[in-house]
Each structure stands twice: as structure tokens, then as C-alpha cells.
Amino acid sequence: MPVIVGFVPTKEGRAALDAAVVEARSRNSRLIVVNASTGAASADNRYVDDDQLTALRAELDASGLDYEVSHAVHKKDPAEILVDLAEETNAELIVIGVRRRTPVGKLLLGSQAQKVLLDAECPVLAVKAPR
Amino acid sequence: MDGLNALLEGMSAALTPMNLVYAFLGVLLGTAIGVLPGIGPAMAIALLLPLTLTLPVQQAIIMFAGLYYGGMYGGSTTSILLNTPGESASVMTAIEGNKMAKAGRGAAALSTAAIGSFVAGTIATLLLALLAPQVVKFAIQLGDPDYLAVMLFAFVAVTTVLGSSKIRGFASLGLGVWIGLIGIDQTSGQQRLTFGIDQLSDGIDVVVVAVALFAMGEALWIAAHLRRAPAQIIPIKGRLMTKEDLSRSWRPWLRGTAIGFPFGAIPAGGAEIPTFLSYVTERKLAKKPEEFGHGAIEGVAGPEATNNASAAGSLVPLLTLGIPTTATAAVMILAFQSYGIAVGPRLFEEQGPLVWTLIASLLIGNAMLLVLNLPMAGLWAKLLLIPRPYLYAGILMFASLGGYAANGSPFDLWLLLIVGGLGFAMRRYGLPIVPLIVGLILAPRAEIFMRRALQISDGNLSGLVNTPFSKVVYALILLLVIVPLVWSKVRGRRNTPEDQHTGTDDVRMPANNEGA
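Residues numbered from 1 in each chain as written. Chains lettered and ligands numbered in written order. Predicted model: local features only at pLDDT ≥ 70, side-chain atom pairs only at ≥ 80, totals over all residues. Heavy atoms only, no water.

1. Remarks on the packing of helix α2 (residues 17–35) of chain B against helix α15 (residues 352–381) of chain B
Residue and element names in this part refer to chain B.
- Two elements in contact, α2 and α15, have axes separated by 9 Å at closest approach and are oriented at 50°. Here α15 runs oblique to α2, going by the angle between their axes. Judged by the sense of rotation from one axis to the other, the crossing of α2 with α15 is right-handed. Two secondary-structure elements touch here, α2 through N19, L20, A23, F24, V27, L28, T31, A32 and V35 and α15 through T357, I364, G365, M368, L369, L372, N373 and W380.
- Considered class by class, the residues forming the contact of α2 with α15 number 12 nonpolar, five polar and no charged. (Axes fitted to C-alpha atoms, helices over the stretch in contact; angles between N-to-C directions. Helix = DSSP H or I, 4+ residues; strand = E, 2+ residues; numbered from the N terminus. Parallel < 35°, antiparallel > 145°, perpendicular 65-115°, else oblique. Left-handed = near helix turned anticlockwise from the far one by under 90°. Contact = heavy atoms within 4.5 Å. Nonpolar A, V, L, I, M, F, W, Y, C, P; charged D, E, K, R; others polar.)

Structural data, given as C-alpha cells:
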């Protein structure tokens, strides 16, 4: 029963990862870190590059947790990947980072976080970045 | 000096508010198109061709010229910040530029690219203004056999220099000639290659072919390879240019101009070869060659200046002889033709004000590009976040709209689909597209020159080579065909023993023999 965390290289993603590490440790669970992109645009700054991936692995190695990193281009959008993966692995918790956004900003941009909150079968921990 | 006087007159015509607006629109669109990988100026002009037919010719041409130059600027932004060349002429820029950006010197790389493009573009455009009237003076004296020879030279140069395989090049050229000759034989009035289809008797509209090849074919190709791991845009960091950067940049800028301009002017296919040459030259001449591969500013300054200079250079044969040397130049010829203007030596005589306004607005557009690109590169990079499905769905829609609008005939939509499929297949099997479009544009004209020359000589083949100029050109064509053959044979023979020892090049050996 793993803990799944959606990671992006921003301060929200950072906060989510930190919270997920704490959760996984206290529950004594495996941690699955998911970083995905649809690959639809030429550039995606939320898809980690090789350097960032190495840093991420080094950090998780240091935490001593039993972990797994899923880093790939999928046709599904990131929210679907998290939810589906949670179902497949019978996860006990999904951790996501959420941005502080105005209602108008949310209306215009849509929300991956919202999709996870609404669709996931398991508990979802939504973490905000420290101000 | 008559060139410069005419240029000043053109400048006053180009400085009307509406012309400035169209120049601005052109450079704006051009930059955007340069930034987006997979969309080049040729595709953009092809897409806009049918839609601009309602504009006065001057403004449409000014906009297209801005688009052409803008594409060269925008490509550098993508190369530097994303390590993916926005268009093919920026491939070399990506090597050093991206390393500079990663080392926190992105701002310096972007500014040497922008200023170098400006310097090279301005010098090369002035060279164009000085050189073009001289070429025209010479070209006006040429007769039918001379023109035929020049066009055959263009055919051979485009097919043998471009791409890896001559056979693919000639196959592509043959397709272009075939499509170009469909319709009614201009001399005898008989139908040919129409297969009894009424709609083909008028010939295939070249605008439709250009839209299909450059827009449909490309969009389908990219759609077939849509999902790739995206790269990260490197944030722009560092100071613009330090004194040291400037002192290391200005020589490459000038050298790049000197390399790019002549290469643009000969029909040897685009900016890829000169930008590569410029990069190699800078690496050889650099005081610190060990910096190359780790973000040497010379490796950005030289190729970026080169590709803009070659864009200006390609306008020399375009405006004076009507010979396209790049895909974009070919589509520009279509733009002139769609307004019923024949590009060639008479262009300066018959459309003098138009040409000089065009050249003047190139200078203006170049200055606009500097202002647009230097402070706003980061903003342009945001275009890369647009999901490609939206982009290419839009392109396919505009292509269909344009293909239909050109003549308002549903038959053209079928043509669009068929030729678009052909373009896709050509990309799939590695056939270069430029020979096709050059063959398509030049074949009907070459045919007229050939038949007129033969009519004058009463069908005697010597009528094709009875001028000194045509003899020289045919000799050049022979050289162009023979030299690479001999070269590969000599090199193949010399390499054979080594290849047997190393074994790594064995795979290349059969290919070599086939070529020879």
C-alpha cells in the first residue's frame, strides 16, 4: 500500500514531496514519485530533466525510504496517471501540491489538482507551498 | 550608386504607416514561426498566400519579407533556450547557445544572436541593393538558351548539394517537374498529363501545391510523431553582453555575413551549409578553441549572422533571375506570381518601386526585429508551451481554408489531400522537398525557354549552346555532377584498406559503391 506523490520541479512540488516523505516514513510505506508529461508541447518545465532526476534520486536514496520514480511521457494527463496508478497499486494516499490561485485563474486554466481530488478513490493530501 | 538612390526612394515609400504595420505584422509572425519547432517561414508564407490575395501586392510582399527575416531571428531563441532548433538554419546555434544558457549566460547568447542577425541582415540587405542592379544589367542581355542553362544549373545544384542522396534529390525534382508540366502545352495547345480530368487541364495551382507540401505534409508528419519527451526552457540569466563578449562577437558577425551572403545567392540549398561552415571557421579561428562545445560565444555569433546574411543573399537570384535557392525563396516567387508579377530581370524595370520598397522594408524590418527580440526573448519562449495538437490542428485548418480560397474549387481540396499525403510520404522516405518546389516553379519556364531557343535554331540542338554564357554554365553543371563522383571514388579507394582494418565503416562501403 504505497504513498503516491505527484512531483513537479516547483516550490509546490517540493512541498508535496517533503510531505510525502514524512507520510511514507510514518506509515512505513513504499513511496512512488510520479513525474509525467503528455509531451504535447515542445517545452514543459514541469517535466524534470536528467540533472533534476539525478538530484531527486540522490535525495530519496538519502532518505532511506523504499521508493520508486516514475518518469515518462504518457498520453494521459498527469492527474489521470496519479489516479490510475493509485488504483492499480491500491495506494493508501496520494500527495499533491496545489498552487494558490484565484477563482478566475482556476476558471481559465483548469486544474490537475482538482481532478485528482475529485477522481481519486483513496485519501488525497493537498499541500501548499510555504509563502 | 543608382541602387542606393533607388533604395532611398523605396525607403520613403516603405515608411507609410500602413506599410510599416504590415512590416511589423510580418516580423511579429515571423518571429513566432521561427520560435516554434517544425514551422518554418516557407510553411508560414504558403499558409498566408491564399489569405493575403485581397491585400495590395506591396503590402503582402513586405509582410512576407518580414516573415522571412523574422523566422531567422526566432529560431535562435528556441535553439538557445530549449536546445531544439526552431528551424533548420539554427541547428549550429543550438550547440554553443544552449550550453551558454545552461551556464547562466543565456542573455549574452540571445543578444549576440540578435545583434549579429541585425548587423548581418543590414549589411547583406545593403549588398543586395548594390548588387542586384548590376546582376540585372547583366541578366537583361541573356537570351533563351542562357536562361535554360541557368535553370538547369539550379536544378542540378539543388539536387546534388542538398540532402544525402542524389537519387532522392532527382526523384523529388522529377516529381516537381511532372506536377509543373500538367495542363495545357503552351506552344501547341494540347493537353498533357491530365488523365482526362477536366480540372487538371488548367494545370495544378502551384499555391495549392505549396500549401499542401509545406503545411499539410509537415503538419501530418509532426502529428505522426507527436509525443516526445519535452525539454525544459532554460530561464534567461546573466548580463546582456559584456565588453569581452562584444570583442569576441564582432569578427564572427562580419565573417558570418561574408560566408552567408554568397551561399544564399547560389542555388545550393539554404542556410544549413553556410551556418555549418561558419561554425567550423569560428572554431578554427577562436583564441580559446577549448571553449567550443562548452558555450563559446563565437559559435553563436557566427552562425546566427550567417543565416540572416544568407536569407538576404537568396533574394539576389530571386529578384534578378527568378531563381529560388531556398524553400522560402521558392514560396516568395509564388507570392509574386499569384499577383501576376513575373520575377526576373524585367522585375526591376517593370516593378521598380515595388522592389525597392521591399528592400527598404527589409532594412526597417530588421531594425524592428532587434527591438522585438532583444528584450522579449523570454516572452517568445512561452510560445513553446502551446500544445502541439492545437497548433497543428490549426495549421491543417488554415491550409484547407487557404487551399480552397485560392480558387474556390472543391477539387483543390482533393489535390491538397493528395499532395499533402505525398509530402508526408516524402518526409517518411527522406526525399528533400526543395527540389520538388524548385522543379515545379522553374520547369514550365525552362520549357518555354528551351522551345523558344529550339524554334529560333529550327530544331537544331546546337541552338541550346550557341552562346558563350550557356557554354560556361553547362561546363559548370558538368563539374557539379562529375566532381563529387570523382571525389567519392578517390576517397572510396583511399579508404578501402582502412575500412577493412577498422571494420566500423563496413556498413558505409556498399552505399559508397552504389553511389559511384
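Don't stop here, the text continues.
2. Regarding the sheet that holds strand β4 (residues 93–98) of chain A
Residues and elements named next belong to chain A.
- Across the sheet, five strands lie side by side as β3-β2-β1-β4-β5; this open sheet has parallel pairing. Across the chains shown, the open sheet's two edge strands, defined by having one partner strand only, are β3 (67–73) and β5 (124–128). Strand-to-strand twist across the sheet, computed as the mean angle between neighbouring axes with direction ignored, equals 20°.
- In terms of strand pairing, β4 meets β5 through five bridges, oriented parallel. (Pairing = 2+ DSSP bridges.)

3. Considerations on the packing of aromatic side chains
All names here are of chain B.
- If you walk through the whole model with that rule in mind, you get five aromatic pairs over all chains.
- Taking 5.9 Å as the distance between ring centres and 55° as the angle between the ring planes, the aromatic pair formed by W221 and F424 counts as tilted. Of this pair, W221 sits in helix α8 (residues 206–224) while F424 sits in helix α17 (residues 410–428); the two residues are 203 residues apart in sequence, bridging distant segments of the chain.
- Judged by its relative accessible area of 17%, W221 is buried.
- F424 gets classed as partly exposed once you look at its relative accessible area, which sits at 27%.
- Across the ring face of Y429, the terminal group of R428 is positioned such that the distance to the ring centre comes to 4.9 Å. (Phe/Tyr/Trp six-rings, centres within 6.5 Å; stacked < 30°, edge-to-face > 60°. Buried < 20%, exposed > 50% of the residue type's maximum accessible area, 1.4 Å probe, protein only. Lys NZ or Arg CZ within 6 Å of the ring centre and 35° of its normal.)

4. Observations concerning the interface of chain A and chain B
- Each partner contributes residues to the interface: chain A has 17 residues there, and chain B has 16 residues.
- Summing the contributions of chain A and of chain B, the shared interface buries around 1300 Å²; its carbon and sulfur component is 52%.
- One can count 11 residue pairs in polar contact (both at pLDDT 80 or more) joining chain A with chain B.
- Residues belonging to the side of chain A that touches chain B are distributed by class as follows: seven nonpolar, seven polar and three charged. (Buried area = accessible area lost by both parts, 1.4 Å probe. Polar contact = N/O pair within 3.5 Å; in protein donor to acceptor, adjacent residues only side chain to side chain.)

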